[in-house]
Amino acid sequence: MELSSDHECLTRVRRRLGRSLLWLAMKTSPEINDQVNLDALTKLYSRDTFNEMYRNQITNNKRRRPEGASDWLVFIDVDKLKDINDNEGHAHGDEKLKAVANGIQRSIRQGDFAGRFGGDEFLVAFRDVIEIAPIKERMQQLNQQLLGNGISLSIGVVEAPRGSELDDLVVLADQLMYQVKQSGGNGILMTDSSGLKD
């Protein structure tokens with residue numbers, strides 16, 4: 001019994017030490033920081049890092065926002081990436097994903113952040129948005145720019161009320177994205193916290 005508790009204690013110490021060393025390594029080495037926090041292919045935040053940032057900067061953040069501002073979550077899916085991979089090869093599909101990631105990076109404002117959710121899906125958090133029309137315009141422009149590279153996107157956008165859970169918002173944004181995809185893709189569908197769609 002004592003052996004078991006000693007072993008558990010040692011395991012906990014190793015985990016804490018490992019996390020501390022990782023934190024120290026991340027602070028002193030940009031390369032290690034990137035390997036831990038960024039998606040290897042797209043160089044956007046990894047899913048875990050995005051989730052943590054969202055919790056820290058949006059869900060649990062009690063910061064004072066500008067009057068009338070709200071946060072928004074964008075769910076982006078690359079249309080027909082499977083066809084690209086099957087017909088042109090996965091290397092070509094990876095180049096398309098990189099192009100989407102670069103386009104997303106150019107489309108977000110300072111203070112916003114984006115991550116690769118998985119496969120051909122991306123998330124973007126727009127913070128302190130006073131008027132949603134410019135955000136919608138940014139996403140439409142992103143889609144138009146990528147069309148020149150043979151890429152189209154299905155995009156769902158939801159308002160993120162203060163304190164809302166990321167998992168719940170992802171489900172809602174994914175549903176909107178799926179409606180766009182069912183209509184042929186290459187579009188955007190948005191809803192605010194009252195459920196009004198645009």
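Residues numbered from 1 in each chain as written. Predicted model: local features only at pLDDT ≥ 70, side-chain atom pairs only at ≥ 80, totals over all residues. Heavy atoms only, no water.

A.B. asks: Quick one: what's the story with the pairing of strand β4 (residues 153–160), residue by residue and with numbers?
C.D. replies: Most of β4 is tucked away: eight of the eight residues are buried. Residues of β4 alternate between two faces, with L153, I155, V157 and E159 on one and S154, G156, V158 and A160 on the opposite face, all of them buried. Pairing geometry for strand β1 (residues 70–78) and β4, over eight bridges, is antiparallel. Paired with L73 across the two strands is V158, which belongs to β4. (Buried < 20%, exposed > 50% of the residue type's maximum accessible area, 1.4 Å probe, protein only. Helix = DSSP H or I, 4+ residues; strand = E, 2+ residues; numbered from the N terminus. Pairing = 2+ DSSP bridges.)

A.B. asks: Describe the nonpolar core, and please don't skip the residues or the numbers.
C.D. replies: I76, I104, F122, F126 and L153 are the most contacted members of the largest nonpolar core, which has 28 residues in total. Those elements that provide at least two residues to this core are β1, α4 (81–88), α5 (90–107), β3 (121–129), α6 (133–147), β4 and β5 (187–191). Broken down by element, the residue count for this core peaks at five residues, all from α5. Those residues within four positions of I104 in sequence are excluded, and the remaining contacts are L44, I76, A114, F122, V124 and L142. Counting residues in hydrophobic clusters, the runner-up holds 20 residues, among them A125, V158, A160 and M177. (Core = buried A, V, L, I, M, F, W, Y, C linked by side-chain atoms within 4.5 Å. Contact = heavy atoms within 4.5 Å.)

A.B. asks: Could you give an account of the pattern of salt bridges, naming the residues involved and the relevant values?
C.D. replies: This model, assessed by the stated rule, comprises six salt bridges. For K181, the salt bridge is made with D77, and the minimal N-O distance between the two is 2.6 Å. Here K181, found in helix α7 (residues 166–182), pairs with D77, found in strand β1; they are 104 residues apart in sequence, far enough to count as distant. Overall, D77 belongs to the buried group, its relative accessible area being 5%. Linking D79 and K181 is a salt bridge whose minimum nitrogen-to-oxygen distance equals 2.8 Å. Note that D79 is positioned in the loop between β1 and α4 and K181 in helix α7, a separation of 102 residues in sequence. On the basis of relative accessible area, D79 is assigned to the buried category, the value being 7%. A residue is classified by how much of its surface remains accessible, and K181, at 26% relative accessible area, is partly exposed. (Salt bridge = Lys/Arg side-chain N within 4 Å of Asp/Glu carboxyl O.)

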